[in-house]
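Fold and contact review
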Amino acid sequence: MTIENLGKLIHLKKLCTDAAHFQMLAVDQRPPIFNIISKAKGREHQYGEVVECKKLITSSLSKYVTAILMDPNFSLSNLLQYNNSKGLVITLEDHSFIETKRGRFSENIQNWSVEKIKRVGGDAVKVLAWYRPDAETESIEHQKQYVKRIGEECEKYGIPFLLELLVYPFQDDENHTIEYQEQKLKKSQHVIDSVKEFAKDEYKVDIFKLESPVDSSELENEITNETEQAFRDLADATNNKPWVVLSSGMDKKSFYKCLELAYKNGASGYLAGRTIWLDAFKSYPDTQQVENGLNEDSVNYVKKLNELTADNAKSLETFFNNGFKINSPEKLSSHFGGFL
């Protein structure tokens, strides 16, 4: 990183443990929480119910993580006083997207921007971009330009760009769904090639949030050589940019194995949500039972993840040490630019 990215480094360090690992909790989910409420109550979710679910998660678990990922309209606007982590990542993309027969098109939350995330005190801008290298040309170009534009804005405002990439099923695929869940029977090369594309410097991504390069079912039993190779290829595709692992709602055992493989290949932590807290919501709408589940099973699982991370994840200490080295430090005020 150059001197112009000093602010990004300061923000990134706030998202880490003292040993320079990421242990981050996601409560920005929208459709997955909408679905919990709708299924339990047999009707469409209400705003206050979504906030209540996110509050339960935040109050119970944020003290055990380094940072929390919030959306602006449900969590950020209601739950800051319940957040006991030190870092704050904020979502930019809308949960709704345009879908064509062979493509998806991402957009920002209406009236939301990188500048607003910076002004409200965010430590990173998180964007989920649906991407498949074999999608229709119009979708591919839209997604590339969307990500590139956000990268340029993050550079302008000195805030880290955290990019989440997810492959997805086309409309005519057997396992088509618009739900926020792992694509069944996904191709490892689609995941790897997607990362390889956005690891190019032109997109200005500072940290990746990546899915398993193999179907989570491949993590349930003995790990094959093909799975080991897929994780090595995923790591190579990042172009040495820091990366963390997302859980995509897989079961706890599989996600733990996923992290073991990712850490073996250079991942620096996790940014996970449903795998940590979803089981507790099997008791919803009994919020007392949900809270008990969060404070027992979910807390125990987070502690287990944190131990694994501390012992095995790649530390970014050298990354920070190198980044904070400034040539001609006595001239910082003259060499450091303002907003472009």
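Attention here is on the structure that accompanies the text. On a predicted model such as this, the values are computed, not experimentally measured, just so you know.

So, about the environment of methionine 250. In this structure, methionine 250 sits in the loop between β9 (243-245) and α9 (252-264). The spacing of methionine 250 and threonine 275 is 25 residues in sequence and 5.9 Å in space, taken between C-alpha atoms.

Here we come to the side chain of glutamine 143. Secondary-structure assignment places glutamine 143 in helix α6 (residues 137-157). Within the structure, the side chain of glutamine 143 is placed 2.9 Å from the backbone nitrogen of serine 106, a separation counted as a polar contact. In this structure glutamine 143 touches Arg104, Phe105, Ser106, Ala129, Trp130, Tyr131 and Phe198, once residues within four positions along its chain are discounted.

This paragraph deals with the side chain of serine 62. In this structure, serine 62 sits in the loop between α3 (47-61) and β2 (67-70). Among the polar contacts made by the side chain of serine 62, one reaches the main-chain carbonyl oxygen of tyrosine 82 at a distance of 3.4 Å. With sequence-adjacent residues up to four places away left out, serine 62 is seen in contact with Leu25, Ile57, Ile68, Tyr82, Asn83, Asn84 and Ser85.

Mapping lysine 304 onto the fold places it in helix α11 (residues 287-312). Along the sequence, lysine 304 and tyrosine 256 sit 48 residues apart, while their C-alpha atoms lie 8.8 Å from each other.

Okay, the pattern of salt bridges next. Within this structure, the stated rule accounts for 23 salt bridges. Close ionic contact of arginine 43 with glutamate 49 constitutes a salt bridge, the shortest N to O distance being 2.5 Å. Owing to a relative accessible area of 32%, arginine 43 belongs among the partly exposed residues under this scheme. Salt bridges sharing partners connect three or more residues here, namely Asp28, Arg30, Glu93, Lys126, Glu164 and Lys209.

Right, let's talk about unusual backbone geometry for a bit. Here the residue pair tyrosine 284 and proline 285 is connected by a cis peptide bond, since its omega of 15 degrees sits within 30 degrees of zero. Residue lysine 204 is not a glycine yet carries a positive backbone phi of 60 degrees. With respect to the helices, strands and loops of the structure, lysine 204 is situated in the loop between α7 (188-198) and β8 (207-210). Exposure remark for lysine 204: the relative accessible area of 27% places this residue in the partly exposed category. Positive phi outside glycine occurs at serine 248, with the angle close to 45 degrees. Relative to the elements of secondary structure, serine 248 occurs in the loop between β9 and α9. Owing to a relative accessible area of 14%, serine 248 belongs among the buried residues under this scheme.

Let us now look at the layout of surface pockets. Computed from the structure, the largest pocket encloses a volume of approximately 460 Å³. What lines the largest pocket is a set of 20 residues, among which Pro32, Ile36, Lys39, Arg274 and Leu278 lie closest to the centre. For the lining of the largest pocket, the secondary structure elements donating two or more residues are α2 (31-41) and α10 (274-277). Ranked by the residues each element gives to the lining of the largest pocket, the list is headed by α2, at 6 residues.

Taking burial as the measure, the 7 residues of strand β6 (residues 124-130) include 7 buried ones, the bulk of the element. On β6, burial covers both faces: Ala124, Lys126, Leu128 and Trp130 on one face and Val125, Val127 and Ala129 on the other are all buried. Note that strand β3 (residues 87-91) and β6 share 3 bridges and pair parallel. Its bridge partner lying in β6, threonine 91 is registered against lysine 126. Here 6 bridges tie β6 to strand β7 (residues 161-166), and the two strands are oriented parallel to one another. Note on β7: the bridge partner recorded for alanine 129 is leucine 165. The parallel pair β6 and β7, bridged by α6, forms a crossover whose chirality is right-handed.

Analysis parameters
Residues numbered from 1 in each chain as written. Predicted model: local features only at pLDDT ≥ 70, side-chain atom pairs only at ≥ 80, totals over all residues. Heavy atoms only, no water. Helix = DSSP H or I, 4+ residues; strand = E, 2+ residues; numbered from the N terminus. Polar contact = N/O pair within 3.5 Å; in protein donor to acceptor, adjacent residues only side chain to side chain. Contact = heavy atoms within 4.5 Å. Salt bridge = Lys/Arg side-chain N within 4 Å of Asp/Glu carboxyl O. Buried < 20%, exposed > 50% of the residue type's maximum accessible area, 1.4 Å probe, protein only. 1 Å grid on protein atoms, 1.4 Å probe; cavity = no way out; pocket = protein on both sides within 12 Å on 5 of 7 lines; lining within 4 Å. Points joined across faces, edges and corners; volume = space filled by probe spheres on them. Pairing = 2+ DSSP bridges. Right-handed = clockwise from strand over helix to strand, strands pointing away.

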